[in-house]
Amino acid sequence: MTIVRAGHLYDGTLEPAKQNVDVVVDDGGRIAEIRAATGSCDFEAACVTPGLVNAHAHLEASGEPDLMGAFQTTPANERLLNAVANARKALRAGVTTIRDVGSSNGFAQSVRDAIEAGKIPGPRMRAAGAVICMTGGHGWPIGRMVDSPWESRKAVREQMWAGADCIKFIATGGVLTKGAVPGNAQLTPDELNAGVDEAHRHGLRVAAHAIGTVGIKNALRAGVDSVEHATLLDDEAIELFKRNRTFLVPTLSAPTCILTHLEDGQQPKYVVDKARGLNEVMLNNLRGAYERGVRIAGGSDAGTPYNYHENYAIEVELMWSMLGMTPQQALHAATAVAAELIGLHKGILAIGEPADMLLLDRNVGDDVRALQDPKAVIKGGEAV
Ligand SMILES: [Zn+2]
């Protein structure tokens, strides 16, 4: 039994924080009791929160300025080792659950299985395997290219066969792939509908990359569980999000990191130009979606240029500063909501849930940036 004492306990919900409580962890690494502080304890912190949940990451990528180039020039064995290192970095920075939404060679599944087997340190994981995209579409260097509804189904079956436990479709162009226009729809409604039906039939949740308006709505109408980025959404898309209770994963870090590193000249010009054009509209759109009640799940696109796996707490800060969330709402999006999307556990500190916790030396409710420097990270009741 392990006892973690909290001055302020934020359980991941939007309920008021509890003061001076003990979280009692059983020997199986789950929370057995939350009670008034009493007697001795094993850990003590001014503030305790659930471990962070990053619903959009690419462990194989390490923030290289020219990411798609790096995918093509870095040997595969080196990329697998990078994924192992990134899983460790994410965990040490407080990410105790992560969803990898695109990797080559089944790397993310291998990392997930090695973590589960206790061979390497890392967060609890789900892995989508290869992204499913049209021929030459966005993300093709880590993609399985399809050009018909039946190929879309077959690609889902292949990912399942390769151990994927969620699926990612590319519904529009993207910033990082040369020639892929972010605003243009890519997979057709027929391809998305067939693929989502196939994935859901087997109980796999589906994420769709979508930046342009038409592609966002194609994905929403196909019934995906989450839309990633959703930059150019409109009123109709917001209504579809709400009607279908689809999660929106805003990945604010991705364009922010690209645009704050314009001067170093390491990024391809097409990336910089595309990111610049999108950033102006992104803030109003995503903030409006949040204000109108779309469910926002935290996810950073970690691995994209300058967007490091150990910096997920910055995405939480951006949800506060850019979307107008309170610190507690941003924490909620990056724990309970993201966890609900991923589906491994609830992402809250409650009886029976995994004891995944961050120990902070100041109150996150006063300053969301307290998450950026946890003094300890606990996963399944054990300090990492
Ligand atoms: Zn991504």
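The structure we're discussing is the one just above.
Residues numbered from 1 in each chain as written. Predicted model: local features only at pLDDT ≥ 70, side-chain atom pairs only at ≥ 80, totals over all residues. Heavy atoms only, no water.

Observations regarding the sheet that holds strand S15 (residues 357-360)
Phase 1: With mixed pairing, seven strands are arranged side by side in an open sheet as S3-S2-S1-S4-S15-S16-S17. The sheet is open, and its two edges are formed by strand S3 (31-36) and strand S17 (382-383), each paired on a single side.
Phase 2: Bridge analysis of S15 against strand S16 (residues 376-379) gives three bridges, and the strand direction is antiparallel. What sits directly across from Leu358, in S16, is Val377. (Pairing = 2+ DSSP bridges. Helix = DSSP H or I, 4+ residues; strand = E, 2+ residues; numbered from the N terminus.)

Brief notes about the environment of Ala370
Phase 1: Inspection of the secondary structure assignment puts Ala370 in the loop between S15 and S16.
Phase 2: Setting aside its immediate chain neighbours within four residues, Ala370 contacts Leu360, Arg362 and Val364. (Contact = heavy atoms within 4.5 Å.)

A short note on the packing of aromatic side chains
For any pair of aromatic rings, the description rests on two quantities: the centre-to-centre distance and the angle between the ring planes.
Phase 1: Using the criterion set out here, one finds zero aromatic pairs in the structure.
Phase 2: A cation over an aromatic ring shows up here: Arg153 above the ring of Trp150, its NZ or CZ 5.3 Å from the ring centre.
Phase 3: If you follow Arg295 out to its NZ or CZ, it ends over the ring of Phe247, 4.0 Å from the centre. (Phe/Tyr/Trp six-rings, centres within 6.5 Å; stacked < 30°, edge-to-face > 60°. Lys NZ or Arg CZ within 6 Å of the ring centre and 35° of its normal.)

What to know about the coordination of the zinc ion
Phase 1: With distances of 2.0 to 2.2 Å, the protein atoms coordinating the zinc ion are His56 (NE2), His58 (NE2) and Asp301 (OD).
Phase 2: Within one chain, the residues donating to the zinc ion are spaced in sequence as H-x1-H-x242-D. Taken together, the positions of His58 in the loop between strand S5 (52-57) and helix H1 (67-73) and Asp301 in the loop between strand S14 (295-296) and helix H10 (312-323) put the pair 243 residues apart, joining distant regions of the chain. In this structure, His58 and Asp301 share a single accessibility class: buried. (Donors = N, O, S within 2.8 Å, 3.2 Å for Na, K, Ca; no water. Buried < 20%, exposed > 50% of the residue type's maximum accessible area, 1.4 Å probe, protein only.)

Notes on the pairing of strand S1 (residues 2-9)
Phase 1: Most of S1 is tucked away: seven of the eight residues are buried.
Phase 2: Across seven bridges, the pairing between S1 and strand S2 (residues 18-25) is antiparallel. Each bridged residue has a counterpart across the sheet, and for Ile3 the counterpart in S2 is Val24.
Phase 3: The sheet contact formed by S1 and strand S4 (residues 43-50) spans five bridges and is parallel.

Some remarks on the packing of helix H9 (residues 269-291) against H10
Phase 1: The contact between H9 and H10 brings their axes to 10 Å, and the two run at 90°. In terms of orientation, H9 lies roughly perpendicular with respect to H10. Of the residues in H10, those in contact with Leu283, Leu286, Arg287 and Tyr290 of H9 are Ser321, Met322 and Leu323.
Phase 2: Its residues assigned to classes, the contact of H9 with H10 shows five nonpolar, one polar and one charged. (Axes fitted to C-alpha atoms, helices over the stretch in contact; angles between N-to-C directions. Parallel < 35°, antiparallel > 145°, perpendicular 65-115°, else oblique. Nonpolar A, V, L, I, M, F, W, Y, C, P; charged D, E, K, R; others polar.)

Quick notes on the layout of surface pockets
Phase 1: Roughly 260 Å³ of internal volume is contained in the largest pocket.
Phase 2: Every residue lining the largest pocket is counted, 15 residues in all, and those nearest its centre are Glu116, Arg124, Met125, Leu344 and Lys379.
Phase 3: Secondary-structure elements contributing two or more residues to the lining of the largest pocket are helix H3 (107-116) and strand S7 (124-127).
Phase 4: Here the lining of the largest pocket takes three residues from H3, the largest share from any one element.
Phase 5: Residue composition of the lining of the largest pocket, by class: five nonpolar, five polar and five charged.
Phase 6: In this structure, the second largest pocket occupies an estimated 180 Å³ of space.
Phase 7: Of all the secondary structure elements, the ones that give two or more residues to the lining of the second largest pocket are S14 and helix H11 (327-342).
Phase 8: By residue number, the principal contributor to the lining of the second largest pocket is H11, which donates four residues.
Phase 9: Residues that form the lining of the second largest pocket fall into these classes: seven nonpolar, three polar and one charged. (1 Å grid on protein atoms, 1.4 Å probe; cavity = no way out; pocket = protein on both sides within 12 Å on 5 of 7 lines; lining within 4 Å. Points joined across faces, edges and corners; volume = space filled by probe spheres on them.)

Some words on the side chain of Arg79
Phase 1: Assignment of secondary structure puts Arg79 in helix H2 (residues 76-92).
Phase 2: Looking at Arg79, the relative accessible area reads 9%, which means it is buried.
Phase 3: A distance of 2.6 Å separates polar atoms of two side chains, one belonging to Arg79 and the other to Glu60.
Phase 4: With residues near it in sequence (within four places) discarded, Arg79 still touches Glu60, Phe71, Thr74, Ser104, Asn105 and Phe107. (Polar contact = N/O pair within 3.5 Å; in protein donor to acceptor, adjacent residues only side chain to side chain.)

Focus: helix H4 (residues 149-161)
Phase 1: Over its 13 residues, H4 extends 19 Å from the first C-alpha to the last, a length consistent with the 18 Å expected when each residue adds 1.5 Å.
Phase 2: Tucked into the core, H4 has its buried residues touching H3, strand S8 (131-133), strand S9 (143-145), strand S10 (166-170) and helix H5 (189-201).
Phase 3: Taken from the residues just after H4, Gly163 is the one with a positive phi, measuring 90°. (Expected span 1.5 Å × (residues − 1).)

Thoughts on the packing of H2 against H3
Phase 1: Interaxial distance between H2 and H3 falls to 10 Å at its minimum, and their mutual angle equals 45°. Classified by the angle between their axes, H2 and H3 sit oblique to one another. In this structure, the crossing between H2 and H3 has a hand that is right-handed. Judged by residue contacts, Ala76, Arg79, Leu80, Ala83, Val84 and Ala87 of H2 engage Phe107, Val111 and Ile115 from H3.
Phase 2: Here the residues of the contact of H2 with H3 sort into eight nonpolar, no polar and one charged. (Left-handed = near helix turned anticlockwise from the far one by under 90°.)

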